[in-house]
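A look at the structure
Listed below are the residues making up each chain.
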Amino acid sequence: MLVSGDNFKHLFGLLQRHFLRSRRHKSTVQYASRPDLPKLAYRRVKGKSPGVVFLPGYGSNMNGQKAEALEEFCKSLGHSYLRFDYTGHGASGGVLSEGTIGTWKKDVLFVLDELSEGPQILVGSSIGGWLMLLAAIARPEKTAALVGISTAADHLVTAFNSLPLETRKEFESKGEWTVPTKHTEEGVYKFSMDFLREAENHCVLQSPIPITCPVRLIHGLKDEDVPWHISMQVAERVLSSDVDVILRRHGQHRMCEKDDIKLMVYTIDDLIDKLTTMV
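The name an unreviewed UniProt entry gives the protein is Palmitoyl-protein thioesterase ABHD10, mitochondrial, with Amphilophus citrinellus as the organism. Recorded under Subcellular location (unreviewed entry), the UniProt text for the protein is reproduced unchanged: "Mitochondrion".

And the structure:
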């Protein structure tokens, strides 16, 4: 990927100016009601197509640094942007521990079907990267391109199945798998065996992935939560002929350092350029 110095400076000068004003000009939180399902909280900016939809990671929400920076960037270009909280996350209804990969996939499809117009660039962080793949398979006509950040496709299932048999049996007898993490106050994530069994129904890496749109996968080599080779596996499995993997030598899981966010924004800007030219 080649970036001219002038374009780079102009693009991130824009981003910086808009980001500095973001606290004053943030989009408003809205709530989408669904029959028999918890309400979903979202923020939306209307604009040109293709739009951008941000899918956060597990236990995260739509107010993270990447999500906020993307809103300001899309505003600066005049493109539509949508960020939201999954069921049990952030300001949305529901309980996190009762959610499943299937629950959150339904959330993403609802957002694409009911809250967005036209083709979208899906930007998925961690488990959001897994969900963006599921959404792209289910809604190819709504998916213009994919940008995965620390994509965690199948990760919880493969990580659990990689544990020694005795360890797995121990967790199974407790009915719960506890995973150490730096991202919660308790220092662990807890996943029920039911959650893992349900997640197996949504695994995508055992066979070719029927996605043909442009795909960009950004991953940090210092990611201690989701191994970078998962992004390589995704790149190998998708049927698209337009796939790039970008590995950040010092990148960590959350990819929210200033330069990480610049790279994410540039990648999306490049895709918008490409998609607009194609039209």
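The subject of this paragraph is the pairing of strand S9 (residues 215-220). The side chains of a regular strand alternate between both faces of the sheet. Among the six residues that make up S9, six are buried, leaving the element largely enclosed by the rest of the structure. What you see with S9 is no split at all: Val215, Leu217 and His219 on one side and Arg216, Ile218 and Gly220 on the other are buried throughout. With four bridges joining them, strand S6 (residues 143-149) and S9 adopt parallel strand pairing. Bridging across to S9, isoleucine 149 finds its partner in isoleucine 218. One ladder, built from six bridges, connects S9 with strand S10 (residues 243-248); its direction is parallel. The residue bridging leucine 217 from the neighbouring strand is valine 245, located in S10. As for the winding sense of the linkage, the β-α-β connection from S9 through helix H9 (residues 229-237) to S10 is right-handed.

On to the domain arrangement of the protein. Assigned domains of the protein: these are domain 1 (27-153 + 212-278) and domain 2 (155-202). For domain 1 and domain 2, the distance between their C-alpha centres works out to 24 Å. Contacts between the two partners involve 19 residues from domain 1 and, on the opposite side, 13 residues from domain 2. With both chains or domains summed, domain 1 and domain 2 bury close to 1300 Å², and 59% of this area falls on carbon and sulfur atoms.

What follows concerns the pattern of salt bridges. Tallied over the full model, the rule gives 14 salt bridges. Note that arginine 216 is salt-bridged to aspartate 242, the shortest N-O span being 3.0 Å. You can see arginine 216 sitting in strand S9 and its partner aspartate 242 sitting in the loop between H9 and S10, a full 26 residues away along the chain. Both residues of the pair, arginine 216 and aspartate 242, count as buried. Among the charged side chains, a network of salt bridges with common partners joins Glu68, Glu71, Glu72, Lys75 and Arg83.

Moving on, we get to the nonpolar core. Judged by nonpolar contacts, the single largest core of 53 residues is most densely connected at Ile101, Leu131, Leu146 and Ile211. Domain assignment of the residues forming this core places at least three in each of domain 1 (27-153 + 212-278) and domain 2 (155-202). The contact partners of leucine 131, leaving out residues within four places of it in the chain, are Leu55, Tyr86, Ile101, Trp104, Lys105 and Val108. The next biggest cluster of nonpolar side chains, apart from the first, holds 26 residues, and it includes Leu70, Ile121, Ile149 and Val265.

How two aromatic rings sit relative to each other is given by the distance of their centres and the angle of their planes. Counting across every chain of the model gives ten aromatic pairs. With a centroid separation of 5.1 Å and an interplanar angle of 50 degrees, the aromatic rings of tyrosine 58 and phenylalanine 191 are classed as tilted. Taken together, the residues tyrosine 58 in the loop between strand S3 (48-55) and helix H3 (65-77) and phenylalanine 191 in strand S8 (residues 188-192) connect sequence positions 133 residues apart. A single burial state applies to tyrosine 58 and to phenylalanine 191, both of which are buried. With centroids separated by 6.0 Å and ring planes inclined at 45 degrees, the aromatic side chains of tryptophan 177 and phenylalanine 191 adopt a geometry described as tilted.

What follows covers the environment of glutamate 224. Tracing the backbone shows glutamate 224 in the loop between S9 and H9. Glutamate 224 gets classed as exposed once you look at its relative accessible area, which sits at 65%. For the pair glutamate 224 and lysine 182, spaced 42 residues apart in sequence, the C-alpha separation works out to 9.9 Å. Of the polar contacts made by the side chain of glutamate 224, one reaches the side chain of lysine 182; its length is 3.3 Å.

The rules behind each value
- Residues numbered from 1 in each chain as written.
- Predicted model: local features only at pLDDT ≥ 70, side-chain atom pairs only at ≥ 80, totals over all residues.
- Heavy atoms only, no water.
- UniProt positions renumbered as here; feature names shortened; annotations may be inferred.
- Buried < 20%, exposed > 50% of the residue type's maximum accessible area, 1.4 Å probe, protein only.
- Helix = DSSP H or I, 4+ residues; strand = E, 2+ residues; numbered from the N terminus.
- Pairing = 2+ DSSP bridges.
- Right-handed = clockwise from strand over helix to strand, strands pointing away.
- Domains from an automatic or database assignment.
- Contact = heavy atoms within 4.5 Å.
- Buried area = accessible area lost by both parts, 1.4 Å probe.
- Salt bridge = Lys/Arg side-chain N within 4 Å of Asp/Glu carboxyl O.
- Core = buried A, V, L, I, M, F, W, Y, C linked by side-chain atoms within 4.5 Å.
- Phe/Tyr/Trp six-rings, centres within 6.5 Å; stacked < 30°, edge-to-face > 60°.
- Polar contact = N/O pair within 3.5 Å; in protein donor to acceptor, adjacent residues only side chain to side chain.

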